[in-house]
Amino acid sequence: MSKVAIIMGSKSDMPVMQDAIDILNSFDIEIEVDIVSAHRTPEKLYEFSKNAHNRGIKVIIAGAGGAAHLPGMVASMSPLPVIGVPVKSSNSIDGWDSVLSILQMPGGVPVATVALNGAKNAGILAAQILGCSDQCVLDKIMVYKEGLKAKVIDSAKDL
Ligand code: RP5
């Protein structure tokens, strides 16, 4: 079965990255979660990035804050699509450092960057990528979107 890897630079990123875990669990998509630090565990980063595609992983979600080089470094070594989640971490000035470190990748090495602390959207985007080749996942995305629509229509009734 296709898997999504969710990695983050520190355990302190977990409260933000939990949103990606939750939404992917709600779609019954298999995940693996790990802490991989670009600057504290560079060997693990290398090992992970070079081998993820050989373990059934199809998409990588990578979250980090501050000088957030984790997603870009993974993207430099992996053939898989990488979705970056900028985290407003304790060492981040105001979140912009995290956003720009992940967003402003040079041409040739893309990182699909979601909003600051936008791990939920990272999870949905990962599911949509899997949905391109998995009808069952695509169906779940369509149900999810119908649910979003129904919520808005319901909320308008209480005005
Ligand atoms: C980054 O530095 C991590 O991704 C985290 O967002 C931030 C702070 O890490 P800790 O000092 O909390 O471990 O590498």
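Residues numbered from 1 in each chain as written. Predicted model: local features only at pLDDT ≥ 70, side-chain atom pairs only at ≥ 80, totals over all residues. Heavy atoms only, no water.

Chemist: An account of the side chain of S49 is needed here, citing residue identities and associated values.
Modeler: With respect to the helices and strands, the residue S49 is situated in helix α2 (residues 42–51). Polar side-chain contacts of S49 include one of 2.7 Å to the backbone oxygen of L45. Contact partners of S49, with chain neighbours within four places excluded, come to V74, M77 and S78. (Helix = DSSP H or I, 4+ residues; strand = E, 2+ residues; numbered from the N terminus. Polar contact = N/O pair within 3.5 Å; in protein donor to acceptor, adjacent residues only side chain to side chain. Contact = heavy atoms within 4.5 Å.)

Chemist: Report on unusual backbone geometry, specifying residues and quantitative values.
Modeler: Positive phi outside glycine occurs at D28, with the angle close to 60°. Mapped onto the fold, D28 is located in the loop between α1 (14–26) and β2 (30–35). The backbone of N117 sits at a positive phi, close to 60°, despite the residue not being glycine. With a relative accessible area of 31%, N117 lands in the partly exposed category. (Buried < 20%, exposed > 50% of the residue type's maximum accessible area, 1.4 Å probe, protein only.)

Chemist: Please set out the UniProt feature "domain: PurE" (unreviewed entry) in the protein residue by residue, giving values where relevant.
Modeler: Under the UniProt annotation, "domain: PurE" (unreviewed entry) lies at residues 2–152. As a span, residues 2–152 carries 46% helix and 19% strand, and end to end its C-alpha atoms are 32 Å apart. (UniProt positions renumbered as here; feature names shortened; annotations may be inferred.)

Chemist: Can you lay out the layout of surface pockets for me, pointing to particular residues and giving the numbers?
Modeler: Over the atoms rolls a probe the size of a water molecule, and its path tells where empty space is left. One number sums up the size of the largest pocket: a volume of about 240 Å³. What lines the largest pocket is a set of 17 residues, among which S10, H39, R40, G65 and N91 lie closest to the centre. Here the lining of the largest pocket is composed, by residue class, of five nonpolar, 10 polar and two charged. (1 Å grid on protein atoms, 1.4 Å probe; cavity = no way out; pocket = protein on both sides within 12 Å on 5 of 7 lines; lining within 4 Å. Points joined across faces, edges and corners; volume = space filled by probe spheres on them. Nonpolar A, V, L, I, M, F, W, Y, C, P; charged D, E, K, R; others polar.)

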